[in-house]
Amino acid sequence: MDKPVVLIAEELSPATIEALGPDFEIRHCDGADRPQLLAAITDVDAILVRSATKVDAEALSAAKKLKVVARAGVGLDNVDVEAATQAGVMVVNAPTSNIVSAAELAVALLLASARHISPAHDALRQGQWKRSKYTGVELTDKTVGVVGLGRIGLLVAQRLSAFGVRLVAYDPFVQPVRAAQLGVTLLSLEQVLEESDFITVHLPKTKETVGLIDEAALKLVKPTVHIVNAARGGIVDEQALYDALVEGRVAGAALDVYASEPCTDSPLFTLDNVVATPHLGASTDEAQEKAGIAVAKSVRQALAGELVPDAVNVRGGVIAEQVRPFIDLAEHLGHIATSMAPSAVAQLTVEALGEISAFDVNVLELAVLKGMFSVLIDDPVSYVNAPVLAADRGVETALVTEGDSEDHRSLVRVRMACADGQSMVVAGTVFGARDNEKLVEVDGLDLDLPVSEHMLVFRYDDKPGVVGTVGQVLGDAGINIANMQVCRDSAGGLALVALTVDSAVTTDLVEAISAQIGAVSGTAIDLV
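Residues numbered from 1 in each chain as written. Predicted model: local features only at pLDDT ≥ 70, side-chain atom pairs only at ≥ 80, totals over all residues. Heavy atoms only, no water.

**Student:** It is not clear to me how empty space enclosed by the protein should be interpreted in this structure. Could you clarify?
**Tutor:** Inspection of the entire model under this criterion finds one cavity of 30 Å³ or more. One number sums up the size of the largest cavity: a volume of about 40 Å³. Lining the largest cavity are Ala 112, Ser 113, His 116, Pro 119, His 226, Ala 251, Gly 252, Asp 272, Asn 273 and Val 275. Counted by class, the lining of the largest cavity contains four nonpolar, five polar and one charged residues. (1 Å grid on protein atoms, 1.4 Å probe; cavity = no way out; pocket = protein on both sides within 12 Å on 5 of 7 lines; lining within 4 Å. Points joined across faces, edges and corners; volume = space filled by probe spheres on them. Nonpolar A, V, L, I, M, F, W, Y, C, P; charged D, E, K, R; others polar.)

**Student:** Sorry if this is basic, but what is going on with the pairing of strand β2 (residues 25–28) here?
**Tutor:** In regular strands, side chains alternate between the two faces of the sheet. Direction of pairing for strand β1 (residues 5–8) relative to β2: parallel, over a ladder of four bridges. Pairing of Val 6 across the sheet is with Ile 26, part of β2. As for the winding sense of the linkage, the β-α-β connection from β1 through helix α1 (residues 14–20) to β2 is right-handed. (Pairing = 2+ DSSP bridges. Helix = DSSP H or I, 4+ residues; strand = E, 2+ residues; numbered from the N terminus. Right-handed = clockwise from strand over helix to strand, strands pointing away.)

**Student:** Looking at this structure, how should I read the side chain of Arg 459?
**Tutor:** Here Arg 459 shows up in strand β19 (residues 454–461). Looking at Arg 459, its side chain comes within polar contact range of the side chain of Asp 443, at 2.6 Å. Beyond its immediate chain neighbours, meaning those up to four positions away, Arg 459 contacts Met 340, Met 424, Asp 443, Leu 494, Ala 495, Leu 496, Ala 519, Val 520 and Ser 521. (Polar contact = N/O pair within 3.5 Å; in protein donor to acceptor, adjacent residues only side chain to side chain. Contact = heavy atoms within 4.5 Å.)

**Student:** Got a minute to help me understand the packing of aromatic side chains in this structure?
**Tutor:** By convention here, two paired aromatic rings are described through the distance between centres and the angle between planes. For the structure on display, the rule yields one aromatic pair. For Lys 370, the ring lying beneath its charged end belongs to Tyr 383, and the centroid distance is 5.4 Å. The ring of Phe 431 carries Lys 438 above its face, with NZ or CZ at 4.9 Å from the centroid. (Phe/Tyr/Trp six-rings, centres within 6.5 Å; stacked < 30°, edge-to-face > 60°. Lys NZ or Arg CZ within 6 Å of the ring centre and 35° of its normal.)

**Student:** Looking at this structure, I do not really get a negative patch on the surface. What am I missing?
**Tutor:** Among the surface-exposed residues, Glu 18, Glu 104, Asp 285, Glu 286 and Glu 289 lie close enough to one another that they form a single negatively charged patch. Looking at the negative patch, the element that brings in the most residues is helix α12 (residues 285–303), giving three residues. When you line up the elements, Glu 18 lands in helix α1. The exposure class assigned to Glu 18 is exposed, which follows from its relative accessible area of 64%. (Patch = residues over 30% accessible without salt bridge, like charges linked within 9 Å, V, L, I, M, F, W, Y side chains within 5 Å. Areas by Shrake-Rupley, 256 points an atom, 1.4 Å probe, with all protein chains shown as cover. Salt bridge = Lys/Arg side-chain N within 4 Å of Asp/Glu carboxyl O. Lys, Arg positive; Asp, Glu negative; His and termini not counted. Charge placed at Lys NZ, Arg CZ, Asp CG, Glu CD. Buried < 20%, exposed > 50% of the residue type's maximum accessible area, 1.4 Å probe, protein only.)

**Student:** Would you take a moment to explain the packing of helix α13 (residues 325–340) against helix α14 (residues 362–376) for this structure?
**Tutor:** In a pair of packed helices, the angle between the axes and the distance between the axes together describe the arrangement. As a packed pair, α13 and α14 sit with axes 7 Å apart at the nearest point and diverge in direction by 40°. Judged by the inter-axis angle, α13 sits oblique to α14. In the packing of α13 onto α14, the handedness of the crossing is right-handed. Across from Phe 326, Ile 327, Ala 330, Glu 331, Gly 334, His 335, Thr 338 and Ser 339 in α13, the residues of α14 making contact are Val 363, Leu 364, Ala 367, Val 368, Lys 370, Gly 371, Met 372, Ser 374, Val 375 and Leu 376. (Axes fitted to C-alpha atoms, helices over the stretch in contact; angles between N-to-C directions. Parallel < 35°, antiparallel > 145°, perpendicular 65-115°, else oblique. Left-handed = near helix turned anticlockwise from the far one by under 90°.)

**Student:** Looking at this structure, how should I read the environment of Gln 36?
**Tutor:** Relative to the helices and strands, Gln 36 resides in helix α2 (residues 34–40). Residue classification places Gln 36 among the partly exposed positions, given a relative accessible area of 34%. Along the primary structure Gln 36 and Val 388 are separated by 352 residues, whereas in three dimensions their C-alpha atoms are 31 Å apart. Residues within four places of Gln 36 in sequence aside, it is in contact with Cys 29 and Asp 30.

**Student:** Would you mind going over the sheet that holds strand β15 (residues 410–418) with me for this structure?
**Tutor:** The pairing of strands in a sheet comes from backbone hydrogen bonds and takes either a parallel or an antiparallel form. Reading across the sheet, the six strands line up as β14-β13-β15-β16-β17-β18 and stay open at both edges, with mixed pairing between neighbours. Across the chains shown, the open sheet's two edge strands, defined by having one partner strand only, are β14 (396–400) and β18 (445–450). This sheet shows a mean twist of 20° between the axes of neighbouring strands, independent of strand direction. Contacting β15, β16 (423–431) and β17 (436–442), α13 crosses the sheet at an angle of about 155° to β16. The strands touched by α14 are β13 (345–354), β14 and β15; relative to β13, the strand with the most contacts, the crossing angle is about 140°.

**Student:** Would you mind going over the pattern of salt bridges with me for this structure?
**Tutor:** Note on pairing: side chains with opposite charge can pair once their charged atoms come close. Per the counting criterion, the structure on display carries 20 salt bridges. Residue Glu 25 pairs with Arg 27 through a salt bridge whose shortest N-O separation is 2.9 Å. Taking the relative accessible area as the measure of exposure, Arg 27 reaches 26% and is therefore partly exposed. Of the charged contacts, one joins Asp 448 and Lys 438 as a salt bridge, the two residues approaching to 3.3 Å between their closest N and O atoms. One end of the pair, Asp 448, is in strand β18; the other, Lys 438, is in strand β17, and 10 residues separate them in sequence. One connected set of salt bridges, linked through shared partners, spans Glu 351, Arg 413, Arg 415 and Glu 441.

**Student:** Any chance you could explain the nonpolar core here in plain terms?
**Tutor:** Side chains that are nonpolar tend, in soluble globular proteins, to be buried together. Counting residues in each nonpolar core, the largest one holds 75 residues, and the members touching the most others are Met 90, Leu 348, Leu 364, Val 412 and Val 426. Apart from residues lying up to four places away in sequence, Leu 348 is in contact with Val 368, Leu 369, Met 372, Val 395, Glu 396, Thr 397, Ala 398, Val 414, Arg 415 and Met 416. By size, the runner-up hydrophobic cluster in this structure holds 29 residues, among which are Val 192, Ala 231, Tyr 258 and Leu 268. (Core = buried A, V, L, I, M, F, W, Y, C linked by side-chain atoms within 4.5 Å.)

As structure tokens, then:
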């Protein structure tokens, strides 16, 4: 069998390939070379990139087999996540790989700005000894404003606290009590701008944060303030910052990121009171190695059909070990229920009951949707695009985790409300040391049937001779029965016979059996 193909489109740590291991065919290309990228991506299963390769709608359209885009770093400005989601392609990154490196660079830039390190260095290299010109300021007893108290902002605050500063922050998503525990006082953005001697930005780039530190904001700051942006380009308006520096309304600035990159020509670079670096936040050996190993692990998981905790376009998060055995079961139940549904599904409810209800089980809803749409459409269905397919078709979904499982330690039940007013309900569980799957309910009727690749279900009015007829017809067709269960709601009432068989059963054969036993419905289910 051919190995899955992984395309490495930029230079990554050697540890990345080591972490991938021998199970993949590794190819390389220059992702910044557009024609080369589009030619190389056509038949690969995964692509690993940094920041120079643009994985946009055009590239995704060319990638007919692509299952995962892995960004060896944090930012995803170069990946069209929406287009990837529509295409069913998982997007993963390494959200914690560079946080220490980025935090350390921000501190370094802040210190460099405070002490005029860059111009003093340049002057000395030119043979000029200018001690008095480059007199700086101390951090001790100053107020440092952290704009964005996420993972990196928090690390910066922790490191700067050793300098004896007063720490204030703006972050609408952090509770004041939590900030106080960290030694940080939460203020409004306007207060942070007005009170800070140093401002360091650590926000993601969103529609709301682009241009957040603009001309109006820079009119609120002290003229002695130093501003650091080592987060994302565009959060600080570069033209407004240049004007404020030239006019003396800002004392100094340090930048590692820019609105457009690569950036080699900016008015800011002409100013002595600006320290500028070429997006070095993640450029340490340690960060690159951590990022490469993290995304390599994610690629392995994604190509093995598993959910990935670092996937940015898949709900689910970290999956508890107790929940993992129920993922395949949930997908199979979605497939079974959809195969048996009397008409189009309008509403879907997934119930996770018993012991597993104590854990995060969002992944089970995804798995049911994946199983459901694998029956309904011919295009590839994944954990990524299954919710999109449901939304596009107006299928309402819900996940229920409240309730006990009376007969089983844990149970997954799938309820489908159909367009014609009818419904379909199936439930299952896992058992034994190998977590074997079994079907335990169909439309309120109890049964105990192993889930198998090939299954048959017939519903009929209870009467003698049905089991023999089903067995005879299948036997005449050379179909071997592995397991059979018969259940009913009452003598002479609604009955159901469910079977697992060793090979697929044709539609004609199902119709022949249904006709002979007078079945209300007959369904062949192939979980392959």
